[in-house]
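# Coordinate inspection notes
Listed below are the residues making up each chain.
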There are 2 protein chains.
Amino acid sequence: MPRQVDHDERRRRLTEALLRIAGTRGLQAVSMREIAAEAGVSLRVVQYYFTNKQALLESGLAELGARMDRRVRQRAAATAGGLSTRGLFAAVLGAILPSDEQSRLDSLAWTAYYTAALTDPALAATGLTLPNALEDFLTERFAIAQQAGDVDADRDPRIEVAALLALANGLTSSVLSRQRSHEAAAAIIDYHLDRLFGPASTLRPPPG
Amino acid sequence: MPRQVDHDERRRRLTEALLRIAGTRGLQAVSMREIAAEAGVSLRVVQYYFTNKQALLESGLAELGARMDRRVRQRAAATAGGLSTRGLFAAVLGAILPSDEQSRLDSLAWTAYYTAALTDPALAATGLTLPNALEDFLTERFAIAQQAGDVDADRDPRIEVAALLALANGLTSSVLSRQRSHEAAAAIIDYHLDRLFGPASTLRPPPG
DNA sequence: GTTGTTAGGATACGACTGTATCCATTCAGG
DNA sequence: CCTGAATGGATACAGTCGTATCCTAACAAC
């Protein structure tokens, strides 16, 4: 075998270049040639490691999902002591909200993908499945906390969770458009978590 | 002067064609030729009545704003008797949520514009100004209702209004992706209005 | 050293984009 | 009637797009 190259590493670099473009100039600015330039390689290399533009886009979407997952776990791990239900919700919702430059770029790219998926059936198949799973998971946790008496009995778990996730998404959109700062958005989420769970008992996990 | 044509009417038809494409196939599918085909005219006609593609896109954005405004007023007018604070909020939030096929298409187009504006400074200038004005207006109304004793004194008007608007936006996004039905989203909004203002006192205005 | 596969540079193809130009038709004002 | 502006059909132009092809360099296996 001739000169061997780490294909996964090459693909990772190209995917990162793609997401950099999508986050700064939008998904419509993503072309094979732009990705090549951003990654500092030739067009042929991009073609060589991805059969299609479609494959490239799917790789970008997968990477975004992986990064989001990593952020949630990081925030959950940063919570001192065992993770309370409120801590879990704060971790998830805090991870959704863009908090630094990197997560802002990722969030922009995610929004671009989501919007594209609304009118592109090819992307819709892979891109719009995560929210439901997350909602179900959090609803279950919320219901358990409620049965334990940590939440008022008259709250509807399914509605509360759906609302919190929709709220985080709506706030994200306003943070991306710079209508609101990250801190203002985080305060709004805290305000609602306070109403649901009572005032926070421990230190807030650090942003990032 | 030779054969005279109603320019405003022509421009309106072309703008409608543009929004039809943006709502069904996305903003990236909008080209001068596609608009011409959708409107049943030649490419030259599109060029004749709009100097630029830019001008065409701005016209689409303006039309979307006008339609949204019309929907809010319609819902407000449909409310029996004088408009209560809750009625106002229900009208505005209900108008944001896509409720029929037409408002769904408009909402999709709006989302496409909003996403594009996040990375396109030309669109950002005209497109991202409405939300703030609406938020200020509703916050004022909310504060007045609170001083009149119609809302609990410990609610923060600015936060509550910002959260309601973000909630409506987030729910809209979930309705567009068919993660949730319009009815489910409307129920979530009602649930929160009930918590804020107490249970609804009058009939809910009809959808549409 | 020859061979054969892997890795990529260079270039080309047809489709599509926004925009510009050329030209024919229509019809009111003189 | 005739002239000139309004309207729009047809076509061209320079770019960019995704993709395909051709060809060369590198290097492990034999």
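Residues numbered from 1 in each chain as written. Chains lettered and ligands numbered in written order. Predicted model: local features only at pLDDT ≥ 70, side-chain atom pairs only at ≥ 80, totals over all residues. Heavy atoms only, no water.

## Things to note about the overall build of chain A
- Broken down by element type, chain A carries ten helices and zero strands.
- Ordering the α and β elements of chain A from the N terminus gives α-α-α-α-α-α-α-α-α-α.
- With the C-alpha coordinates of chain A rotated into their principal frame, the extents come out at 65 × 35 × 30 Å.
- Per-residue burial for chain A yields a buried fraction of 45% across its 208 residues.
- The contacts of chain A with a sequence gap of at least 6 include a subset with a gap of at least 24, amounting to 62%.
- Element-wise, carbon and sulfur atoms account for 53% of the exposed surface of chain A, whose accessible area totals about 10600 Å².
- Mean positive and mean negative side-chain charge positions of chain A (24 and 24 charges, respectively) differ by 8 Å. (Helix = DSSP H or I, 4+ residues; strand = E, 2+ residues; numbered from the N terminus. Buried < 20%, exposed > 50% of the residue type's maximum accessible area, 1.4 Å probe, protein only. Contact = heavy atoms within 4.5 Å. Areas by Shrake-Rupley, 256 points an atom, 1.4 Å probe, with all protein chains shown as cover. Lys, Arg positive; Asp, Glu negative; His and termini not counted. Charge placed at Lys NZ, Arg CZ, Asp CG, Glu CD.)

## Let's talk about the relation of the copies chain A and chain B
- When chain A is fitted to chain B, the residual RMSD is 0.0 Å, and the transformation amounts to a turn of 180° plus an axial shift of 0.0 Å. Look at the turn and shift together and you get a two-fold axis relating the two.
- Same-surface contact between copies: 100% of interface residues of chain A are shared with the interface of chain B. (Least-squares fit on C-alpha atoms with pLDDT ≥ 70 in both.)

## Notes on the pattern of salt bridges
- Evaluated as defined, the whole model comprises 33 salt bridges over all chains.
- One salt bridge in this structure joins aspartate 190 of chain A and arginine 86 of chain A, with 3.9 Å as the shortest N-O distance. Here aspartate 190 of chain A is found in helix H10 (residues 182-197), whereas its partner arginine 86 of chain A is found in helix H5 (residues 85-96), with 104 residues between them in sequence.
- As a salt-bridge pair, arginine 180 of chain A and glutamate 135 of chain B come within 3.2 Å of each other at their nearest N and O atoms. With arginine 180 of chain A in the loop between helix H9 (157-176) and H10 and glutamate 135 of chain B in helix H8 (residues 130-147), this pair bridges two chains. Pair check on accessibility: arginine 180 of chain A and glutamate 135 of chain B agree, each one buried.
- Residues joined in a network through salt bridges with shared partners are Glu63, Arg67, Arg70, Arg71 and Asp106 of chain A. (Salt bridge = Lys/Arg side-chain N within 4 Å of Asp/Glu carboxyl O.)

## Brief notes about the confidence of the model for chain A
- Residues at a pLDDT of 70 or more form 95% of chain A, whose mean pLDDT is 92.
- Counting interchain partners and residues more than four positions distant, the pLDDT-below-50 stretch residues 202-208 of chain A has seven contacts. (pLDDT = per-residue confidence, 0-100.)

## What to know about the packing of aromatic side chains
All names here are of chain A.
- A complete count under the given rule lists eight aromatic pairs over all chains for this structure.
- An angle of 80° between the planes, with centres 5.2 Å apart, marks the rings of tyrosine 48 and tyrosine 49 as edge-to-face.
- A relative accessible area of 54% places tyrosine 48 in the exposed class. (Phe/Tyr/Trp six-rings, centres within 6.5 Å; stacked < 30°, edge-to-face > 60°.)

## Quick word on the interface of chain A and chain B
- Taken together, the contacts link 38 residues of chain A with 38 residues of chain B.
- Between chain A and chain B the total buried area reaches about 3000 Å² when both faces are included, carbon and sulfur atoms providing 59% of it.
- Sorting the residues of chain A by area buried against chain B places Thr119, Gln179 and Tyr191 of chain A first, and these three jointly supply 18% of that buried surface.
- At the junction of chain A and chain B, the tally comes to six salt bridges.
- A salt bridge links arginine 195 of chain A to aspartate 154 of chain B; its shortest N-O distance comes to 3.2 Å.
- Joining chain A to chain B, the criterion identifies 15 residue pairs in polar contact (both at pLDDT 80 or more). (Buried area = accessible area lost by both parts, 1.4 Å probe. Polar contact = N/O pair within 3.5 Å; in protein donor to acceptor, adjacent residues only side chain to side chain.)

## Some details on the environment of valine 151 of chain A
- If you trace the backbone, valine 151 of chain A turns up in the loop between helix H8 (130-147) and H9.
- For the pair valine 151 of chain A and threonine 85 of chain A, spaced 66 residues apart in the sequence, the C-alpha separation amounts to 9.9 Å.

## Details of the nonpolar core
Residues and elements named next belong to chain B.
- With 29 residues, the main nonpolar core has Leu18, Leu27, Val30, Ile35, Val46, Leu56 and Tyr113 as its most contacted residues.
- Contributing elements (two or more residues each) for this core: helix H1 (7-25), helix H2 (32-39), helix H3 (43-49), helix H4 (53-78) and helix H6 (101-119).
- Apart from the residues within four sequence positions on either side, leucine 18 is in contact with Val30, Ile35, Leu56, Leu57, Gly60 and Tyr113. (Core = buried A, V, L, I, M, F, W, Y, C linked by side-chain atoms within 4.5 Å.)

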